[in-house]
Each structure stands twice: as structure tokens, then as C-alpha cells.
Amino acid sequence: MRTTVGWQADSAMTLRRATVPRRDLRPDDLAVRVDYCGVCHSDLHAVREHHGAADPVLVPGHEFTGVVTEVGSDVSGFGVGDSVAVGNIVDSCGACAMCRAGQENFCREFPTLTYGGTDRRDGSTTLGAYSRGYLVRERFAYHLPAGLDPAGAAPLLCAGITVWEPMRALGIGPGSRVAVVGLGGLGHLAVKLSVALGAETVVVSRSRDKAADARRLGAHEFLVSANETEMDAARDSFDVVIDTISVPHDLGPYLRLVALDGTLSQVGYLGPVTVQTTDLLIGRKKLGSGGSGGRPATAALLEFCARHDITADIEVLPSAQVNEALDRLERNDVRYRFVLDLSDLA
Ligand code: NAP
Ligand code: ZN
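Residues numbered from 1 in each chain as written. Chains lettered and ligands numbered in written order. Predicted model: local features only at pLDDT ≥ 70, side-chain atom pairs only at ≥ 80, totals over all residues. Heavy atoms only, no water.

We now examine the coordination of the zinc ion (ligand 2). Within the protein, the atoms that donate to the zinc ion (ligand 2) are C40 (SG), H62 (NE2) and C158 (SG), at distances of 2.0 to 2.2 Å. For the zinc ion (ligand 2), the single-chain donor residues occur in sequence as C-x21-H-x95-C. Of this pair, C40 sits in the loop between β3 (29-38) and α1 (41-48) while C158 sits in the loop between α3 (150-153) and α4 (159-169), and the two are 118 residues apart along the sequence. Assigned by exposure class, C40 and C158 land together as buried. (Donors = N, O, S within 2.8 Å, 3.2 Å for Na, K, Ca; no water. Helix = DSSP H or I, 4+ residues; strand = E, 2+ residues; numbered from the N terminus. Buried < 20%, exposed > 50% of the residue type's maximum accessible area, 1.4 Å probe, protein only.)

Structure below.
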């Protein structure tokens, strides 16, 4: 067993510096020095819901970039010194229909999450990348394309892929109309990706505060969700609505934006939702979701982002400021993703 240093949740709903255990290198493992890790709203949910000693140890962090420091004896695709990116899936069964289809994110045995998951080989709880070192199975690491800034690229591995996969699966491209609801970490990447895919892209936000940013990100229009006149005028007009809102909410107003035979993809808040059947019935609308991505889609996203020069809009903080990052994220005070610089951890 080896150790690294990281940020662990305690009972006061804050993170404190701690020694983090890491497994010994397996034959198909890469040891990665974590340089940058994005702060996802899911991390905030996990920390706020953690009950201290009563729960398994929690070290968040599931979108990171870094450099390979060691490779196991069976590793063939990576070498020491390679720049890599890792998202929120670090293992899967590899044999079920989903895995065989390249959708390891939907593995029938449930994929092993980068933190809070169960290691398939030793049964331990995985500990995330708010830490200086991570051990990852080669299969779930990706080469970071040379042109991508490693700090700005980190959020592509959760926020980016989570919106990319449904947008690709729903076939958006030139001629599509896409609405992105909630301009946060997921939302701002959805806008950049949708625009780069050639879709006419509209942001739906709670106020006008982010309107100038939306335009800078490439959005063609901006709707205020609280403005009934604007929402009414946009009714039945989007082939795809990507909903990234982080709290429970009524889907009705967003389903009403969907065009005939279009889809609302609810990728933000993950929990029970209530839907009025008539909001689906009128216009034969579909409700879908998605989360993270399979290996082929993740590799394709990185390649697309390198080609289109897409990274997240980030505010980089030393990892010692992780609690400030979480507090500000909770207050919606980030444009549009915090990224922790882990180099302050010896
Ligand atoms: P974020 O950066 O905090 O963005 C969330 C956005 O939701 C905010 O920017 C805000 O947009 C909107 N919002 C926040 N509070 C709201 C409220 N009370 N009412 C209406 N809108 C509100 O979060 P994120 O990292 O993008 O994550 C978004 C959600 O996706 C989280 O719940 C996260 O857990 C989830 N998530 C899911 C997956 C998955 O696998 N499906 C992956 C990653 C994250 P405006 O200011 O523009 O209104
Ligand atoms: Zn995430």
C-alpha cells in the first residue's frame, strides 16, 4: 500500500488535508501525478451529504489531468511522462452489452466511479482526485491532446462528456436548435460544444446576469426562465433541450420549449422528477438523460475539443482553497468552473 496527500471530507462538511491511501501498482495500472482537478457540483452534493465518520471516507474529484509517473508491467498504451486525462469512471465489467457497445458508463454491474465507487478487485471505496496521486486502470485513462491546456481540459472529463454524449446521441448539428438550461460548469461547455457542432444555441438562465457571457461563449439567443412572455414565445421550438439545473425543479417549463418529436435531456439534478404526461403528449416529446460517457465518446470529445480549441472557462485555485471553491460554487459564484491546482500538495 502506498499513500498520497489529498483533501478529505470531515463531519463539519468541510475538507481537510489528509494522508490518502493508494493501492500498489497493478499490472494494468498507471500511477498519475494529479496536476489539475475540476470542482464539479456533484462534489459539492457529495461533501454536503457526507456524515463524517459514519460514512466511508470521501475524497472528491472526478475530472482531472496530470502526468504518468509509473506504468504497470502490462501497460501498452502509455509511458512515463505522458499527459493524461481521467473522468469519473475508472473501471467496468467489460463484458456486458453496454460495455461491449462502448458505453462503459452504463455498465450493467455499475461502473466503478472515480470516488465513492467500489473497486472491482479489492472491494475498497475509491478515493478521488482532490489529491496529488491517483492509480487508474490504463483502459480508463485518455491521452490529453497536445494543444489542450491541462487546467482548462480537466472539466471536459465530467462536465464536458456529460453534455457531449446526449448531444451526439441526439444528432445535433447544423440546422438543429438547442437550448441549454443553466449556465454553470456543464451548461457553459454544452454551449461551446453545441455551437462548435453547428447548432443554433440558446441559453436559458434565471436572470440576465450571464447574458453577455452567453454571447461570448457563442450562444445566439438568451432566455430568462422567469420571464413567461419570453418562454412562451420560444415554446415548441428546440430539437434538444439540455437541462443542467443542479436542484430539483419542475420540468414543465423546459418540456414546453421542446419542438415536435424533440427531447429534453435532464442531466443536471439526478433524482425523482414529476412530469405531466400532457407536457410529453403535446408534441410527442421525449424525456431523456445521460451521465458521463463511454470510452469511445470520451476519446472523441477530447479529439473534437483539440480540433475546435475548446476548454472550460476556469478559475484556478491552489488546492488549499478547496473549501472556498465549494462555498462559492454553492453561491453560484464561479464563471464557470473552479479547477484545483494540486501542486501545493507535497
Ligand atoms: P453548476 O456549475 O453549479 O451549475 C448549475 C447551474 O444551475 C447554475 O449555474 C444555475 O444556472 C442553475 N441553477 C442553480 N441553482 C438553481 C435554482 N435554484 N433554480 C434554477 N437554476 C439553478 O453545476 P454543474 O457542475 O454544472 O452541475 C450541474 C448539475 O449536474 C449538478 O446537480 C451535478 O450534480 C449534475 N451532474 C450530473 C452529471 C451526470 O452524470 N448526469 C455529471 C456532472 C454533474 P443559471 O445561473 O444560469 O440559472
Ligand atoms: Zn462531475
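In this structure, the amide linkage connecting R335 to the following residue, Y336, adopts the cis form with an omega of 0°. By the element assignment, Y336 lies in the loop between α11 (322-330) and β17 (337-341). One non-glycine residue, S292, lies in positive phi territory at about 55°. You can see S292 is positioned in the loop between β15 (286-288) and α10 (295-308).

What follows concerns the packing of aromatic side chains. This model, assessed by the stated rule, comprises two aromatic pairs. Look at W164 and F304: their rings are 4.8 Å apart centre to centre, the planes differ by 45°, and that puts the pair in the tilted class. With W164 in helix α4 and F304 in helix α10, the pair connects residues that are 140 residues apart, well separated along the chain. Assessed through its relative accessible area of 3%, W164 is described here as buried. Since its relative accessible area comes to 7%, F304 is described here as buried. (Phe/Tyr/Trp six-rings, centres within 6.5 Å; stacked < 30°, edge-to-face > 60°.)

This brings us to the domain arrangement of the protein. Many authors give the size of an interface as the accessible area that is lost as the parts come together. Domain parsing of the protein yields domain 1 (2-158 + 293-344) and domain 2 (160-288). The centre of domain 1, based on its C-alpha atoms, is set 27 Å off from the matching centre of domain 2. On the domain 2 side, the residues contacting the 26 residues of domain 1 number 22 residues. Counting the surface lost from both domain 1 and domain 2, the interface buries some 2000 Å², and carbon and sulfur atoms represent 57% of this. Across the salt bridge formed by K192 and D313, the nearest N and O atoms sit 2.6 Å from each other. On inspection of domain 1 and its partner domain 2, the count reaches 17 residue pairs in polar contact (both at pLDDT 80 or more). Breaking the side of domain 1 that touches domain 2 down by element, the ones donating at least two residues are α1 and α10. (Domains from an automatic or database assignment. Contact = heavy atoms within 4.5 Å. Buried area = accessible area lost by both parts, 1.4 Å probe. Salt bridge = Lys/Arg side-chain N within 4 Å of Asp/Glu carboxyl O. Polar contact = N/O pair within 3.5 Å; in protein donor to acceptor, adjacent residues only side chain to side chain.)

A word on the environment of Y142. Positionally, Y142 belongs in strand β9 (residues 142-143). The exposure class of Y142 is buried, given its relative accessible area of 10%. Distance in space between the C-alpha atoms of Y142 and L302 is 8.5 Å, their sequence separation being 160 residues. Not counting the four nearest positions on each side in its chain, Y142 is found in contact with F78, S83, V84, A85, L157, G294, R295, T298, A299 and L302.

Core analysis: the largest hydrophobic core is formed by 41 residues, its most contacted members being L15, L30, V39, F64, Y130 and V136. Those residues in contact with F64 that lie beyond four places of it in its chain are V32, V34, Y36, C37, V84, A85, V86, T114, A129, Y134 and A154. In terms of nonpolar packing, the next biggest core, distinct from the first, is built from 40 residues, V163, L183, V191 and A214 among them. (Core = buried A, V, L, I, M, F, W, Y, C linked by side-chain atoms within 4.5 Å.)

The subject of this paragraph is the site of ligand 1. Neighbouring ligand 1 are 28 residues; H41, L183, S205, K210 and R337 lie closest to it. One nitrogen or oxygen atom from the side chain of H45 is found 3.0 Å from an oxygen atom belonging to ligand 1. Between ligand 1 and the protein, one listed contact pairs an oxygen atom with a side-chain N or O atom of R206 at 2.8 Å. Look at ligand 1: alone it shows 920 Å² of surface, and the protein chains cover 88% of it. (Near = heavy atom within 4 Å. Areas by Shrake-Rupley, 256 points an atom, 1.4 Å probe, with all protein chains shown as cover.)

The next point concerns the environment of T201. Tracing the backbone shows T201 in strand β11 (residues 200-205). The class for T201 is buried, based on a relative accessible area of 0%. Between the C-alpha atoms of T201 and V180, which are 21 residues apart in sequence, the distance is 7.4 Å. Sequence-distant contacts of T201, that is, excluding residues within four places in its chain, are made with V178, V180, V191, S194, V195, A219, H220 and E221.

Attention shifts here to the sheet that holds β15. Reading across the sheet, the six strands line up as β12-β11-β10-β13-β14-β15 and stay open at both edges, with parallel pairing between neighbours. Since the sheet does not close on itself, it has two edges, and those belong to β12 (221-224) and β15, each with one partner. When strand polarity is set aside, the average angle formed by the axes of neighbouring strands in this sheet is 20°. Pairing of β11 with β12, which is carried by four bridges, proceeds in the parallel orientation. Paired with S205 across the bridge in β12 is V224. (Pairing = 2+ DSSP bridges. Axes fitted to C-alpha atoms, helices over the stretch in contact; angles between N-to-C directions.)

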